[in-house]
Number of protein chains: 4
Amino acid sequence: MSRTPIGLAVIGAGYWGPNLVRNAQATPGMRLEYLCDLDVERARKVLGAYSTVRASGSLEEVLADPAVHAVAIATPAATHLQVAMAALEAGKHVLVEKPLAATLAEGQQLVAAARRRGLTLMLDHTYCYTAAVQHLRELVRGGGIGKVQYLDSVRINLGLVQPDVDVLWDLAPHDLSIFLSILPDDVTPIAVAAHGSDPIGAGRACVAHLTLQLTGGAMAHVHVNWLSPTKIRTMVIGGSARTVVWDDLQPAQRLSIYDRGVDRTDSNGNGDDARTRAIVSYRTGDMVAPALNEKEALRTMMAEFAASITEGRAPLTDGISGLRVLSILEAASASLAQGGAFMPVLDPSELPEEVSA
Amino acid sequence: MSRTPIGLAVIGAGYWGPNLVRNAQATPGMRLEYLCDLDVERARKVLGAYSTVRASGSLEEVLADPAVHAVAIATPAATHLQVAMAALEAGKHVLVEKPLAATLAEGQQLVAAARRRGLTLMLDHTYCYTAAVQHLRELVRGGGIGKVQYLDSVRINLGLVQPDVDVLWDLAPHDLSIFLSILPDDVTPIAVAAHGSDPIGAGRACVAHLTLQLTGGAMAHVHVNWLSPTKIRTMVIGGSARTVVWDDLQPAQRLSIYDRGVDRTDSNGNGDDARTRAIVSYRTGDMVAPALNEKEALRTMMAEFAASITEGRAPLTDGISGLRVLSILEAASASLAQGGAFMPVLDPSELPEEVSA
Amino acid sequence: MSRTPIGLAVIGAGYWGPNLVRNAQATPGMRLEYLCDLDVERARKVLGAYSTVRASGSLEEVLADPAVHAVAIATPAATHLQVAMAALEAGKHVLVEKPLAATLAEGQQLVAAARRRGLTLMLDHTYCYTAAVQHLRELVRGGGIGKVQYLDSVRINLGLVQPDVDVLWDLAPHDLSIFLSILPDDVTPIAVAAHGSDPIGAGRACVAHLTLQLTGGAMAHVHVNWLSPTKIRTMVIGGSARTVVWDDLQPAQRLSIYDRGVDRTDSNGNGDDARTRAIVSYRTGDMVAPALNEKEALRTMMAEFAASITEGRAPLTDGISGLRVLSILEAASASLAQGGAFMPVLDPSELPEEVSA
Amino acid sequence: MSRTPIGLAVIGAGYWGPNLVRNAQATPGMRLEYLCDLDVERARKVLGAYSTVRASGSLEEVLADPAVHAVAIATPAATHLQVAMAALEAGKHVLVEKPLAATLAEGQQLVAAARRRGLTLMLDHTYCYTAAVQHLRELVRGGGIGKVQYLDSVRINLGLVQPDVDVLWDLAPHDLSIFLSILPDDVTPIAVAAHGSDPIGAGRACVAHLTLQLTGGAMAHVHVNWLSPTKIRTMVIGGSARTVVWDDLQPAQRLSIYDRGVDRTDSNGNGDDARTRAIVSYRTGDMVAPALNEKEALRTMMAEFAASITEGRAPLTDGISGLRVLSILEAASASLAQGGAFMPVLDPSELPEEVSA
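Residues numbered from 1 in each chain as written. Chains lettered and ligands numbered in written order. Predicted model: local features only at pLDDT ≥ 70, side-chain atom pairs only at ≥ 80, totals over all residues.

1. Here we look at the overall build of chain A
If you tally the helices and strands in chain A, you get 11 helices and 15 strands. Taken over the C-alpha trace, chain A has a radius of gyration of 22 Å; the compact-globule value for 357 residues is 21 Å, and the two agree within 12%. Structurally, chain A occupies a C-alpha span of about 75 × 50 × 45 Å along its principal axes. Evaluated residue by residue, chain A yields a buried proportion of 55% over its 357 residues. Here the analysis covers contacts within chain A between residues at least 6 apart in sequence; of these, 67% occur between residues at least 24 apart. (Helix = DSSP H or I, 4+ residues; strand = E, 2+ residues; numbered from the N terminus. Rg over C-alpha atoms; globule rule 2.2 N^0.38 Å. Buried ≥ 20, exposed ≤ 12 C-beta atoms within 10 Å, placed from the backbone. Contact = placed C-beta atoms within 7 Å.)

Shown next, in the form of structure tokens:
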């Protein structure tokens, strides 16, 4: 017995849309019906001369088509509320490019709307679907590195200075969604401080540093930068038993798991400074680089979207994960505006009454 | 006509002292007379079975010997005031391992004492004597990268958890002394914020992040970490014309100078956000890795100590440079104690009256 | 006035064919008409559910279609003679995956047939269309590294053990076509020696080393290996003035041009050994990594195929370039069979009479 | 009860001698008595102004001193026979820098002389005493990588063009002594072919490639080069179960042990080509980088010299190991002179009668 495929429309033919088009076409159980962009010529150009997929310049037309069961939104963040809400109201499942919306409040409206209608709302946190993050998730949440001690992420590049958002909102959603994906449930961000600078006069921060306080006392740090001539994408997750270094630009050895670290030796000492040397010991063990089953992350993400619709379950990166990222970003922006003070991170899973109603 | 060599005593036979011993012996114009340590057996062991240099367990004996004209101090920072002051009062020139002293106030006492007696007081900021920093100094101060936009330094390693100081006081003096050495006179730290954590319960910060505000609006960041299983020592100095990446662990290509970056195009636009794309342009030019004339930095440092004594001039890394580092470290510690708020950095070149008197 | 696009059929839907399909669709002036494979289901699967391109299981059908002006062949080398000859006889221009044919004699038949009919015969030596090789070509042929002193290429990987050819025939065509593309006209291979081994009992060499003697006395070496757990793709081109290192797995710095080397100083000495030190000097200058204008090489290659047809000129990697590679490969195989003796490399540009007639 | 230390004289104060001096001084059970060089001023300069070790310009004086029980020879290879023979005849144990002698015949004389007198004759094959080679030795000889399939060593650098030997004799002894040290007893070189070139007109090969046939069918390859602007020191040892990559310039990860490779599947097939795919399978497992206990290799080597004398046993790198290297080098030189043909490698452990008598 064959199942009717999920009819999909991709909304937005800019930077990211073509990737969604390509991967939707390769996803079993999915049927790409439209690529929709206000600039229909741009949509036509993306589809090319050999495609049977329809280009459309009208969101209304697309949402009115009963062959469309779901939409994948790759428009600017400022438009997410309007586009995604229209899709939800038309009864369509929604996949939305990060960040979920321009503000936490807008994101909460979308989560509430999807809940009310029983529709899937999923975030395209692509990195969470890489083999590296999936391995990290099992390792870290599964206790393989012991107690999490610190996280450090660097994501710098000669990047496109965005016209609408600063470097934090542009790049940090990647790091934050990865943190949220791999950390155990009892290690969550509770406060964040941000420092930024705009040395080229772009009108927004082009270099920024985020420091997060996590429950349990660990610290996480994120460095994002649009101005670096070299590209770095590394994340270190330090644990009491092991420490992992993820270098995403080293395809032959993305993950390196070190049995190396500093341990505090339990002693009945009174902890005065002079005795510190005696109560610290060093491990210098082997390093293991696990074999990863590399596949295109976007392909895996699209398959999860299809599966979550078919199975009527929440996807791995659901609306709440999008709210959690927004919650940190808003706190970070507030910190930036106030000179770097730590700002509390709200738990967005507790939606305000009027929204969740 | 031959000149009498400078008689030197090295004080402290611990981690760093043996390096000073080795390099002092190879420095023309210098004559190593003593290695002095409270534990005279440790001094004897460092000197080995084949040396004509004297081991001594008594600082008094060493300072009383008229053959000793200068001392090089490699004892814990907490003892610097006492040891260096005794040496200065005995009329000896002083080279002191970083940091200058345990507090800014103590450092100021030493600077004042050296001034009163017309003696050389020099900091062993070793990195400032590497070929890389000397090249950077000429490049950055000479305008070769244009206006300084940002600095970013990472110094992480599985390092010795110090019994007396936190990771900031242990490692950041390197980064700070390098910043001060290469930055133009009109780009100086005015405020600093620090975040740190102690995930192993060592009793002091083992991971820390420093953010410095510089005059002119640029930001500098320093990441120091004792717990990392891998070693990283990189510094990026971003400029309006060029950006330099210094990777000290890549001996074949320590410095990479990129003609790559983001420029703000001058326009008569009104700067509204929608026009940002139009007023930013990207350079993607060649990279040059200059040939460096590598020599052991400690050798060059020791030669500078000898030359500054002989020529009666201030050394490149004089007492004031030591005070400037202490001034930033104290502000950073204050920020750490107060949850990460920015703290002003005092200009230590203006010594308080009672000290400079 | 618009020109009629070149109608193309891709023959072969295996490993390489899909890449040709994708790039042909994106090439201006070209119109992809068919993907042809004996296994028509495989062709359909490659085209996917959204394509307007026709799948065909019949080469005859495709060649009989007047809308097809050219074919791109990505079938096993053993079939190249038959497929390409059929296409040429049907009056189609031909692009063929490397190597041109299974033997030099077969390749010569194809070159002669294309000449007789005035059709384009082009080799898909993809690497020759990378920005790196194009830069190298200008640099080396243009005299930028001085006199060529040596070449060294390493291409090792955990690769697919081919069922029909050894590692030399599988991988060395890349290195050889690159050598031929970048070397000046007066530096050509005149003899080749090959060593190989089959440590896994695959029935053919899985590890091999090629040594080429070039006119002018320089030596070139190629190391190809299917069994290496790590991937290396580097080429060094040593010259009297500069030396270039190409590391194709380092996208941020593929080419490094060193002003570093050993020079023989002219002297009126008699050259006896004891004086050698005196007549050699060392340069240790800067390194420059030129900015490369990276594009997909296959796109550039396909554009060259279209342009050579439109303009009626020989393409950069024409049939002769394919013969030159075959000529070296045959000599290498002969050397391998004879224990590693140097074998002369025939100049295939002088086609035998009966072939070129 | 304390043992009398072994009195040592280092002969030769050139490039390598100072390293021997430094390490001899740090070796327990050894007492450095002399540094001897025809140019006694050079010896004095090496010892420096603070040493109690005697400089001497007379080998006779040194060998006549009963306090000298052993000598370490770091003079040019052409002088090894004369210097080492004089030492042996004076009853001194001998450590000699590689290669053992200028020819195999000379080396055989030294081995025979040491045997006759029951004296230690040891080669300073320094690499064999690194933690990396010691790990490799246990791993490879212990069966940890399965059956050895191939070896590949690259040792290239901008190196000193030697006045007396070509690049093979200068650099390949390192690779060959490492091979001999780590290979199982039943995998030994039986024939060697060499290709070389002298593109700068130095009068001797500056670039060379060695191919060795090993018993059991495996192949080893060595690439040595004085003209490379970049430094590479890697060795790959491929095995049926695992493959090791040793990158000596990556101190944080010198050894990488890959559970990755190509296996021939046992089958009852008849091995015809068309079935090859089916009978080959691929492993893509994890990689392990073992923690190495890094110490200065020369220190370990010197301790082995002392221990072999004290214990009256053969050292790890004894005279026979030196003969085996010479035997390969002589065969390689013969191959080079004859255009690259394979030349048999003699087993030097079977000394000719007149020599061993």
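2. A few points about the sheet that holds strand β3 (residues 54-56) of chain D
Working definition: the strands of a sheet are paired by backbone hydrogen bonds and lie parallel or antiparallel to each other. All names here are of chain D. Within the open sheet, the six strands sit side by side as β3-β2-β1-β4-β5-β6. Their pairing is parallel. Two strands bound the open sheet, and with one partner strand each, they are β3 and β6 (121-124). Averaged over neighbouring strand pairs, the angle between their axes works out to 25° when direction is ignored. The sheet contact formed by strand β2 (residues 30-36) and β3 spans three bridges and is parallel. (Pairing = 2+ DSSP bridges. Axes fitted to C-alpha atoms, helices over the stretch in contact; angles between N-to-C directions.)

3. Concerning helix α2 (residues 40-47) of chain C
Residue and element names in this part refer to chain C. Those residues of α2 that sit buried are A43, V46 and L47. Along the axis of α2, the buried residues cluster in a sector spanning 95°; they form a single face. Of the surrounding secondary structure, the elements contacted by the buried residues of α2 are α1 (17-25), β2 (30-36) and β3 (54-56). At the C-terminal side of α2, G48 shows a positive phi close to 80°. (Arc of directions from axis to C-beta.)

4. Description of the relation of the copies chain C and chain D
Laying chain C over chain D is done by rotating through 180° and shifting 0.0 Å along the axis; what remains is an RMSD of 0.0 Å. Both copies are brought into coincidence by an operation consistent with a two-fold rotation axis. Of every C-alpha in chain C, the one belonging to A341 of chain C sits nearest the axis of rotation, 3.0 Å from it. A shared binding surface is used by both copies, with 100% of the interface residues of chain C retained as interface residues in chain D. (Least-squares fit on C-alpha atoms with pLDDT ≥ 70 in both.)

5. Considering the pairing of strand β2 (residues 30-36) of chain B
All names here are of chain B. Of all the seven residues making up β2, six are buried; the element is thus mostly covered by neighbouring parts of the structure. A crossover connection joins strand β1 (residues 6-11) to the parallel β2 through helix α1 (residues 17-25); in handedness this β-α-β unit is right-handed. Taken together, β2, helix α2 (residues 40-47) and strand β3 (residues 54-56) form a β-α-β motif whose crossover is right-handed. (Right-handed = clockwise from strand over helix to strand, strands pointing away.)

6. Overview of unusual backbone geometry
The step from K98 of chain B to P99 of chain B runs through a cis peptide bond, and the omega angle for that step is -5°. Along the chain, the position of P99 of chain B falls in the loop between β5 (93-97) and α5 (104-117).

7. Digging into the relation of the copies chain A and chain B
Of the transformation superimposing chain A on chain B, the axial component is 0.0 Å and the angular component is 180°, with the fit at an RMSD of 0.0 Å. Most of the interface of chain A is mirrored in chain B, where 100% of its interface residues are also at the interface.

8. Topic: the domain arrangement of chain A
All names here are of chain A. Assigned domains within chain A: domain 1 (6-127 + 297-316) and domain 2 (131-288). For domain 1 versus domain 2, the separation of C-alpha centres amounts to 31 Å. At the junction of the two partners, domain 1 supplies seven residues and domain 2 supplies eight residues. Partitioned by chemical class, the residues of the side of domain 1 that touches domain 2 number five nonpolar, one polar and one charged. (Domains from an automatic or database assignment. Nonpolar A, V, L, I, M, F, W, Y, C, P; charged D, E, K, R; others polar.)

9. Quick look at the confidence of the model for chain A
Residue and element names in this part refer to chain A. Scored by pLDDT, chain A has a mean of 93; 93% of the residues are at 70 or more. Predicted confidence is poor over residues 268-278, with pLDDT under 50, and the contacts of this stretch with residues over four places away or in other chains come to 12 contacts. The low-confidence segment residues 353-357 (pLDDT under 50) makes five contacts with residues lying over four places distant or belonging to another chain. Interface confidence in the predicted complex, given as ipTM, is 0.91; pTM for the same model is 0.94. (pLDDT = per-residue confidence, 0-100.)

10. So, the interface of chain C and chain D
Every contact between the two is made by 46 residues of chain C and, on the other side, 46 residues of chain D. Listing elements by their share of the side of chain C that touches chain D, those giving two or more residues are β7 (148-158), β8 (189-197), β9 (207-214), β10 (219-225), β11 (227-239), β12 (243-247), β13 (255-264) and β14 (280-289) of chain C. Looking at the side of chain C that touches chain D, the element that brings in the most residues is β11 of chain C, giving six residues. Taken together, the residues of the side of chain C that touches chain D break down into 23 nonpolar, 18 polar and five charged.

11. What to know about the sheet that holds strand β5 (residues 93-97) of chain C
Residue and element names in this part refer to chain C. In space, the six strands of this open sheet follow the order β3-β2-β1-β4-β5-β6, with parallel pairing throughout. Only two strands of the sheet have a single partner each, and these edge strands are β3 and β6 (121-124). For this sheet, the mean inter-axis angle between neighbouring strands, taken without regard to orientation, is 25°. Pairing of strand β1 (residues 6-11) with β2, which is carried by six bridges, proceeds in the parallel orientation. Bridging from a neighbouring strand, I11 pairs with C36 of β2. Where α2 meets the sheet, it contacts β2 and β3, and its direction lies at approximately 160° from that of β3. Its contacts with the sheet put helix α8 (residues 297-311) on β1, β2, β4 (70-73), β5 and β6, and the angle it makes with β6 is roughly 175°.

12. Observations regarding the environment of A43 of chain A
Residue and element names in this part refer to chain A. Among the secondary structure elements, A43 is positioned in helix α2 (residues 40-47). Spatially, the C-alpha atoms of A43 and S256 are 41 Å apart, while their sequence positions differ by 213 residues. Residue contacts for A43: discarding those within four places in its chain leaves A13, L35, C36, D37, A55 and S56.

13. Quick word on helix α9 (residues 297-311) of chain A
Residue and element names in this part refer to chain A. With 15 residues, α9 ought to run about 21 Å at 1.5 Å a step, and its terminal C-alpha atoms sit 21 Å apart, in line with that. Three or more residues of α9 are buried, namely A297, L298, M301, M302, F305, A306, S308 and I309. Check the buried side of α9 and you find it contacts β1 (6-11), α1 (17-25), β2 (30-36), β4 (70-73), β5 (93-97) and β6 (121-124). Positive phi appears at G312, one or two residues downstream of α9, with a value of about 60°. (Expected span 1.5 Å × (residues − 1).)

14. A look at the packing of helix α6 (residues 131-141) of chain B against helix α7 (residues 167-182) of chain B
In a pair of packed helices, the angle between the axes and the distance between the axes together describe the arrangement. Residue and element names in this part refer to chain B. Where α6 meets α7, the closest approach of the two axes is 8 Å, and the angle between their N-to-C directions is 45°. When the axis of α6 is compared with that of α7, the two are oblique. Where α6 approaches α7, its residues V133, L136, R137, V140 and R141 are matched on the opposing element by I178, S181 and I182. Residue composition of the contact of α6 with α7, by class: five nonpolar, one polar and two charged. (Parallel < 35°, antiparallel > 145°, perpendicular 65-115°, else oblique.)

15. What about the environment of L329 of chain A?
Residue and element names in this part refer to chain A. Positionally, L329 belongs in helix α10 (residues 319-337). Overall, L329 belongs to the buried group, with 24 C-beta atoms counted inside 10 Å. In sequence terms L329 and L168 are 161 residues apart; their C-alpha atoms lie 7.4 Å from each other. Not counting residues up to four positions away in its chain, the partners in contact with L329 are P99, L168, W169 and A172.

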